[in-house]
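Here are the chains, one letter per residue:
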Amino acid sequence: MKKAVKRWFKDVLLAVLVVSSLVMVYRIWFGRYLSSNWYDDSLLNVKKFVSTHFSWLSGGAKTFSENMKILLKPEKIVVNQSANRVEITANDARYENLRETSEDFLKNMLLGEAKILSKSSASQEEYFSALKGKSLFVCYGNKIDSRLVSMSISGESKGKITDDVSELKEVLILLNDNVLNNVNVYIADTKNDNVVKYSVEYNKARLDKAVSEIFEAKISGSVPSYSFELNFHKSPEGESAKVLFSPTILLQVVPEQTPCIYGGAIMDFSDEHGINNAVEDAVLRAFKMNPMTMRKFTDVSGSAVFVENYGTLVINPSGLVEFKAEQGSNGITLSENASAAAVDVYEATTLAVDFISNVCAVFPNAVINNLQINSDITSELGKSGSYTFKFDYFISGSPVFIQNSEGKAESAIELTLENGNLVYYRQHLKEYYTLDEATSGITAINAADKIVENTKEEELPVYIKRLSTCFLDNGDEKLSRLWVFELDQKSEPILVK
Amino acid sequence: MKLKKLNKLFAALLLFAVVFTAFGVTAFAAPEVMSAEAVSTAYNLVTLKAPETDGLSTTNKCLPISCAAPEGAVVTVYKYSAATGTYNKLYTSEGAAEATVGATMLFATQAELSLGSNKFLIRSAVDDSTYQIVKFEVTLLNEGFMDKIKSIAGMIFN
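Here is a short report on the structure shown in this document. (Residues numbered from 1 in each chain as written. Chains lettered and ligands numbered in written order. Predicted model: local features only at pLDDT ≥ 70, side-chain atom pairs only at ≥ 80, totals over all residues. Heavy atoms only, no water.)

### Overview of the nonpolar core
- Ranked by internal contacts, the top residues of the largest apolar core, which has 93 residues, are A:Ile173, A:Phe287, A:Leu313, A:Leu415, A:Leu422 and A:Tyr425.
- It is helix H9 (residues 345-360) of chain A that provides the largest number of residues to this core, a total of ten residues.
- For A:Ile173, the contacting residues outside a window of four places in its chain are A:Ser102, A:Phe105, A:Leu106, A:Lys134, A:Ser135, A:Leu136, A:Val138, A:Val183, A:Asn184 and A:Leu207.
- A:Val243, A:Ile249, A:Val462 and B:Ala103 belong to the second largest nonpolar core, which has 25 residues in total. (Core = buried A, V, L, I, M, F, W, Y, C linked by side-chain atoms within 4.5 Å. Buried < 20%, exposed > 50% of the residue type's maximum accessible area, 1.4 Å probe, protein only. Helix = DSSP H or I, 4+ residues; strand = E, 2+ residues; numbered from the N terminus. Contact = heavy atoms within 4.5 Å.)

### So, the sheet that holds strand S2 (residues 47-50) of chain B
Residue and element names in this part refer to chain B.
- Reading across the sheet, the three strands line up as S2-S4-S10 and stay open at both edges, with antiparallel pairing between neighbours. Here the strands that pair on one side only, and so sit at the sheet edges, are S2 and strand S10 (106-112). If you compare each strand with its neighbour and ignore which way they point, the axes differ by 30 degrees on average.
- One ladder, built from seven bridges, connects strand S4 (residues 62-68) with S10; its direction is antiparallel. Note on S10: the bridge partner recorded for Pro64 is Gln110. (Pairing = 2+ DSSP bridges. Axes fitted to C-alpha atoms, helices over the stretch in contact; angles between N-to-C directions.)

### Thoughts on the pairing of S4(B)
Residues and elements named next belong to chain B.
- The buried count for S4 comes to seven of seven residues, which makes it a mostly enclosed element.
- The alternating pattern of S4 places Cys62, Pro64, Ser66 and Ala68 on one face and Leu63, Ile65 and Cys67 on the opposite face, and all of these are buried.
- Bridge count for S2 against S4 is three bridges, and the pairing is antiparallel. The residue of S4 that forms the bridge with Ala50 is Ser66.

### Considering the pattern of salt bridges
- Under the definition given, this model contains 22 salt bridges over all chains.
- Close ionic contact of B:Glu52 with A:Lys234 constitutes a salt bridge, the shortest N to O distance being 3.2 Å. Of the two residues, B:Glu52 sits in the loop between S2 and strand S3 (56-58) while A:Lys234 sits in the loop between strand S8 (225-226) and strand S9 (243-245), which places them in two different chains.
- According to the relative accessible area criterion, B:Glu52 is exposed, its value standing at 57%. (Salt bridge = Lys/Arg side-chain N within 4 Å of Asp/Glu carboxyl O.)

Set out below in C-alpha cells:
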C-alpha cells in the first residue's frame, strides 16, 4: 500500500514536471519570458493556442466569409414606400433586421434558390423610376468587386450575378407594388454604367413586411430627395451649373440635428508601465515577430519599437500601431499558397480581412464590430500588383477619421499588400461611443456652397460623386459630424463643417 | 456731467443699432402673402429645376422643389390657397421654405401635396422691388385609383 502511494506520488510529480517543461518550452518559443503579468499573459496565450489549434472546441474560428460579413456591411439601406423614404444606417436598431431580410433574399438569388425569370439591361429612366417605388436600396458606399459582395452575402464567391456585374456600389430590390408575383433587382455595374435588371420569382411577404414595419411608426424629419429628383445631376439646357451631384446621392433639403460621439484609446491598452504585455504579445504574433530574434527599444515618444530583418513595428501608447517593411524586403508573407501573380483583388481582400481579424482578435469585440471597409475594392485598385485598403470605425452610421500629427484625416486602418505580402499597416486602436446629445448642422447644399466658394472659376462645375458624413477625431473629447465630399477633380475627400 | 453725456451717446448708439438691425432683417424678408395676379419685375433671377414640367400629376404626397438662382438672391416658395385666393408662404417642419442662395446657385425644399390641384409660386428677389416669380401646378392623384389600375394589371399578368 505504502509502495503504491509512493509510486502514485512519483507519477504525478513526473507528469507535473513534463507539463511544466512543455509550458516553459512553449513560452520560450512562442511567447515571452515570465513577466509581472505572467498570469494574464499565460491565460491569453492558452486561449489563443486553443482557438487556433482546437477551434472545434470553441465552435470553430471565424471563417473568411464570416469576417467578410462583419467588415463589408452596407453603409445604409434606403427604404422607400410611396411618399415615404428613410435612410437606415448601422447604428439604427432596425438596421440588422433590414440587412438580414434583404441579404436573405439576395442569398437565395445568388445561390439560385430563387429562380431568375429574366435578365435585361435597364435604362437610366427606368432605374430612377424604380428608385421611387416600394423598395429596399442597399448602398455599400464604395465600389466593391461583385465576388466579394457575393461572398459576404452568400458565403460563395461565385453567384448568379458575378458573371453579369463586375463591380457595384448599390443593389436595388424593387417590390413591384404587388402588381406581379415577383421581385425586381437592379444592379448598376460601376465599371461600365450598365444597369442589369433581374426579375426573380420569390415570395416577397417578408420583404413587404420589413418595408411596411418601417413606416408603421411615425417618421420624424423631412424626406430626403435623390439628386435626380431635384435635377441636380445635370446642367439646365444652354446653361452651365456650378455644381453637379451624382444622381443617386440623397439630399436632406432642410437642416437636421446631428449626433455627437466621444471616444479614446482602447481600455487597458497601456498603463504607466507601458503597453499591456498581453496586447503587445498578440500584436507581435500577428506581425510574425519572434521575441528571440527581434530587437526592441523605446523611442523618445514612448513608443515601443520592434525591429526584424523584414520590417519595423511601432506601437505607441496612444493606440497607434504602424508596420513598415524594410526597403528591399518583401515584408510579411500572408499568401503562402498562392503564387504572387495569382493575388488578384479577391485574394488580396481575403488576406487583408483575415490579417485584420487576427490583429483585432485580442481586443474587445466592439473594435472589429465597428470596423468596416471604407475604400473601393476593385480590380483597378491593384493594376501594379499593389493593393491599399482602408477600414474605418463606423459610429452612428458615419466613419470616424483620425487627425494625424500633420493635421490630415486618416482612416482607422490603412493596409498595403504587394503580391500577397504585407508591406505597410497602420491602425489607430480606438473605441467610440454615442452621446445622447445632438447639434444642429447645415444642409448638404450649404456645405456644397463652401466647396464652390473655394474652387477656382476654371475648375467649375464641381462634380460630387459621393456625399457622406463623418466624425473627425482631433483629440477633443466630444466629436461632431462633418460633411464628406468626394469630387471627380480631387483624389482626397474634402471635409466641411 | 460728462457721465450724462456718455450715457446719452450710448443710448443713441444702441437705438441706432436696433433700428439698423431691424431694417437689415426686414429689407430682404419676402412678404407672407403674394397676390394671385403678381408678376415679375425682373428676369433671369430664377430657373425652376424640379418639377421639370408644369401640370405634373403624381401619387407621391411629398413634392421635391428645386431651382437655380443667382448667388445672394432670396428664394421663397408660396402655395395657393383657394379660400383666400392668394399665394401664402410655405412652411415646412423646419420653418419657412425660404433661403438665401449660396455659391452653388441652388435652392431646394419640399412640399406636402393635398389631393387634387396644388398651385405653387416661387419668388426670387434681390431686393424688395426686384424679383422674378415662377408659377407651376401639380396634381396629386388618389392612390386608391392607381391601386385599382395596378390590381387589374396584376390580374392580367398573374
